[in-house]
Structures are given as C-alpha cells and as structure tokens.
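Understanding the architecture of this molecule
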Amino acid sequence: MATDAKILVAGATGLLGSQIAANLLDRGASVRALVRPGIDAEKKAALSALEARGLELVEGDITDDVDKLAGALKGVETVVSAVQGGPEVIVDGQENLLRAAEKAGVSRFVPSDFAIDIFKLDYTDNFMIDMRKKAAERFAGSPVSVLSVLNGAFMEVMITFMQIVDFEKNTFSHWGDPDQPMDLTSVKDTAAFTAAAVLDPALAGGAVRFSGEVLSMRQFHAAVERATGRTLEFRTLGTGAELRAEIERQAAQTQNPFDYVALQYQWGMVTGKAKFDSLDNDRYPEIAPTSVEEFVRQNAPGA
Ligand SMILES: NC(=O)c1ccc[n+]([C@@H]2O[C@H](COP(=O)([O-])OP(=O)(O)OC[C@H]3O[C@@H](n4cnc5c(N)ncnc54)[C@H](OP(=O)(O)O)[C@@H]3O)[C@@H](O)[C@H]2O)c1
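Residues numbered from 1 in each chain as written. Predicted model: local features only at pLDDT ≥ 70, side-chain atom pairs only at ≥ 80, totals over all residues. Heavy atoms only, no water.

Looking at an unreviewed UniProt entry, the protein chain carries the name NmrA-like domain-containing protein, with the source organism given as Streptomyces blastmyceticus.

This is the structure:
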C-alpha cells in the first residue's frame, strides 16, 4: 500500500489507538482520526501533538448514522478500529463502521481485536473475546477486506490488571501449567506492528500475529525478578481445569463479568488454547520488540 493512502483511526484518543496513529505518522502515512465530540482537555492536548505532525481530525462516533459516518471515511483506504467498549461498540458499532466503510469504498478494515488468538477460543471462554468473535461473524461476506491484528497479552496488563505480580507482597501467583509458552507484547510494540501491517501492500484480509516475547509463567517470573532485583514467591494456584472451575464459581456469584475476565484471559493463555501457532514478526525486521525483562525494568512500580 502506498504511504500516501489515507488511513482512518477510530479510537485515536485511546491507549493503543493513539500510538497506532503516531506510528502511522512516523511511517509517513496520511492519517485521519475519528474523534467523538466533547473529549476532555487532556485527550485534546494529546491529539494536538499528533495534529502538529499532520494528523487530520474528523468528528464522529462509530454508532452514528451510516451515511454520516461514510462522509467521514471519504477518500480513506484503510479503517483501523482501536475502540473499546461493550457490545454496542465492539459488535454493533464496529459493524456500523464497516457498513460505512463499504459505502465510502474503503478497501480494508482492521477491527479492534488486539488479543490472544480469538479464532482458537470458543464462545463462553472469554466474554470480551466473544464480542470480537461475534463482530467477526457480522463482517463475513463484506467486500471490504478484514485484517485482524493479534498481539497476545499486553505486558502492561500482565504486571497490573492480571493480578499475577504483587509488588507489595513480593509474590507471583499464577494458575495452570507454569511451562506453557505465552505471547506477550507491549502496547508500544503492538502499535508499531499494527502500523507496519496496515501499510503492508502484501496484506489484505485474514489475520497477523505478533509477539514481543514468548515466555512461560516460570520464565515471566524469572524476568520480573531479574528486572527488579527482587525475590518474588512463585505460587501456582491450581491447574487450568481448577482455574476454569474458579471462573465458573465467580461467574455464578456476580452479574459483572469484569470481576473475572482477567482469569478468563489467564485461562486462555495457560492452557495454550489461545497460543499463536505461528508469528508474523519476521515480516517487519525493522521492529525490535521490547523484552519482558526490559519492559519491567522500565515500568515496574518504583522503577
Ligand atoms: N491484548 C491485551 O492485553 C489488551 C489489553 C488492553 C486492551 N486491548 C485491546 O486494545 C484495543 C484498544 O483498547 P484501549 O485500552 O486502547 O482502549 P481505550 O484506551 O479505552 O480507548 C478506547 C477508544 O475507543 C474510543 N471509542 C469508544 N467508543 C467509541 C465510539 N462509540 N465511537 C468512537 N470511538 C469510540 C474511545 O474514545 P473516547 O476517548 O471518546 O472515549 C477511545 O479512543 C481493544 O481492542 C482492547 O481490547 C488488548
């Protein structure tokens, strides 16, 4: 794809989307961001920095009327979605965005997948991935090529949200097989790989899979210890089957799936069910991803 092709990023005020937009600009692409009206001052300031580098802004919401949204996509070759939300955003909103892309003559659509292998998981394994699988079903048959970018787990979430590493108690608590390889990538490297894939003329639809580093829980623990110079007690909380039972126990007790979604991600990883069968890192040798050890050295609390 020529770098003068226009790329629209939805979700450019977000954690990942902002870095995808920045990486596309770094690669000389012409980038437009779809931005919801009424964003706060901090998000506005972050966008101004990108605007100074050539980012074009267009106001809109992916749930807007299809004709209105198609106007925002005029002249766009690829739409990259890095939105986050519930089914109204991930399923209905992204389908709406795809329909607008069809109307506007867009060639390619990158949905907001950015996860472990959503195509290997089954419905009910992970409620957030269920939404992405459902969206993928809605995209089927579109004349627009749909390209999924998968990155495993963000290193950022592995040391926070997943509740594996406790830097206060000096513990490392995981479920499942401690030697099962897992795909781990920083947000920065996910954005870099996404921009490279989006501007790759040889890629149309399908899926590409990237991993900053492939490590087992045991190797992840060792990397955190090396990076921090601390000793973290290594605790295996149970098998993969016991983890599934724990998720089901928690699901029966709450209406809020966010209470146990971190465990659902961990289950997909430690059972190997959502492990990538192959990686596409070699397509872009110019990207040298950050290792977990280096990432933790830079990002652990008190680092
Ligand atoms: N693999 C992993 O470990 C991992 C971890 C975290 C996230 N992710 C994935 O990365 C992707 C991006 O997540 P994130 O954490 O970067 O999200 P985020 O920071 O919460 O940003 C979400 C973005 O979506 C935009 N948005 C939401 N609803 C919208 C709508 N109706 N119309 C237009 N824009 C809308 C938001 O705009 P406003 O600023 O207007 O709200 C914001 O720009 C998601 O697919 C997420 O699942 C993966």
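Contacts to the ligand come from 24 residues, most closely from T13, R36, K43, S112 and F154. For the ligand, a nitrogen atom lies 2.9 Å from a polar atom in the backbone of G152. For the ligand, the accessible surface in isolation is 930 Å², of which the surrounding protein chains cover 83%. Elements with a contribution of two residues or more to the shell around the ligand: α1 (15-26) and β7 (153-154). Tallied by class, residues from the shell around the ligand come to 12 nonpolar, seven polar and five charged. (Near = heavy atom within 4 Å. Polar contact = N/O pair within 3.5 Å; in protein donor to acceptor, adjacent residues only side chain to side chain. Areas by Shrake-Rupley, 256 points an atom, 1.4 Å probe, with all protein chains shown as cover. Helix = DSSP H or I, 4+ residues; strand = E, 2+ residues; numbered from the N terminus. Nonpolar A, V, L, I, M, F, W, Y, C, P; charged D, E, K, R; others polar.)

It is worth spelling out the pairing of strand β1 (residues 6-10) at this point. The buried fraction of β1 amounts to five of the five residues, a majority that puts the element mostly inside the structure. Neither face of β1 is exposed, since K6, L8 and A10 on one face and I7 and V9 on the opposite face are all buried. (Buried < 20%, exposed > 50% of the residue type's maximum accessible area, 1.4 Å probe, protein only.)

A separate point is the packing of helix α5 (residues 127-139) against helix α10 (residues 261-270). Two numbers describe how α5 lies on α10: the axes approach to 8 Å, and their chain directions differ by 70°. Taken together, the axes of α5 and α10 are roughly perpendicular relative to one another. On α10, the residues that touch F127, M128 and I129 of α5 are V261, Q264 and Y265. (Axes fitted to C-alpha atoms, helices over the stretch in contact; angles between N-to-C directions. Parallel < 35°, antiparallel > 145°, perpendicular 65-115°, else oblique. Contact = heavy atoms within 4.5 Å.)

With that settled, the discussion passes to the pairing of strand β9 (residues 171-174). Looking along a regular strand, one sees side chains alternate from face to face of the sheet. Both faces of β9 are covered, namely the face carrying T171 and S173 and the face carrying F172 and H174. In terms of strand pairing, strand β8 (residues 165-166) meets β9 through two bridges, oriented antiparallel. Across the sheet, the residue bridging to D166 is T171, located in β9. Where β8 hands over to β9, the hairpin turn is made up of four residues, of which N170 adopts a positive phi near 55°. (Pairing = 2+ DSSP bridges.)

Before going further, it helps to spend a moment on helix α7 (residues 187-198). Taking 1.5 Å per residue, 12 residues should reach 16 Å; α7 reaches 16 Å between its end C-alpha atoms and fits that length. Residues V187, D189, T190, A191, A192, F193, T194, A195, A196, A197 and V198 constitute the buried set of α7. (Expected span 1.5 Å × (residues − 1).)

Opposite charge on two side chains allows them to pair when their charged atoms are near. Overall, the coordinates contain 25 salt bridges when judged by the stated rule. Close ionic contact of E95 with R99 constitutes a salt bridge, the shortest N to O distance being 3.1 Å. Within this pair, E95 and its partner R99 are both found in helix α4 (residues 87-104), separated by four residues, close to a single helical turn. Note that D125 is salt-bridged to K273, the shortest N-O span being 2.8 Å. Here D125 is found in the loop between β5 (108-110) and α5, whereas its partner K273 is found in the loop between α10 and α11 (292-299), with 148 residues between them in sequence. Residue class for D125 comes out buried when judged on its relative accessible area of 5%. In this structure K273 comes out as partly exposed when scored by relative accessible area, which is 24%. Linked through salt bridges whose partners overlap, the residues forming this network are D92, E95, R99, E102 and R138. (Salt bridge = Lys/Arg side-chain N within 4 Å of Asp/Glu carboxyl O.)

Bringing the sheet that holds β9 into the picture now. Strand order in the open sheet formed by three strands is β8-β9-β13, and the pairing between neighbours is mixed. On the outer flanks of this sheet lie β8 and β13 (233-236), each paired with one strand and no other. Strand direction decides the pairing type here: β9 and β13, joined by four bridges, are parallel. Note on β13: the bridge partner recorded for H174 is T236.

Our next topic: the environment of I129. Tracing the chain through its elements places I129 in helix α5. Taking the relative accessible area as the measure of exposure, I129 reaches 0% and is therefore buried. Taking C-alpha positions, I129 is 8.1 Å from A115, a pair spaced 14 residues apart along the chain. Not counting the four nearest positions on each side in its chain, I129 is found in contact with A115, I116, I118, L121 and Y265.

Let's shift gears to the sheet that holds strand β4 (residues 76-81). Strand pairing in a sheet relies on backbone hydrogen bonds, with the paired strands running either antiparallel or parallel. The strand order across the open sheet built from seven strands is β3-β2-β1-β4-β5-β6-β11, with neighbouring strands paired in parallel fashion. Both edges of this open sheet fall to β3 (56-59) and β11 (206-209), since each of them pairs with a single strand only. Averaged over all neighbouring strand pairs, the angle between strand axes comes to 25°, with direction disregarded. Summarising the sheet, strand β2 (residues 30-35) and β3 pair through four bridges and their orientation is parallel. What sits directly across from A33, in β3, is L57.

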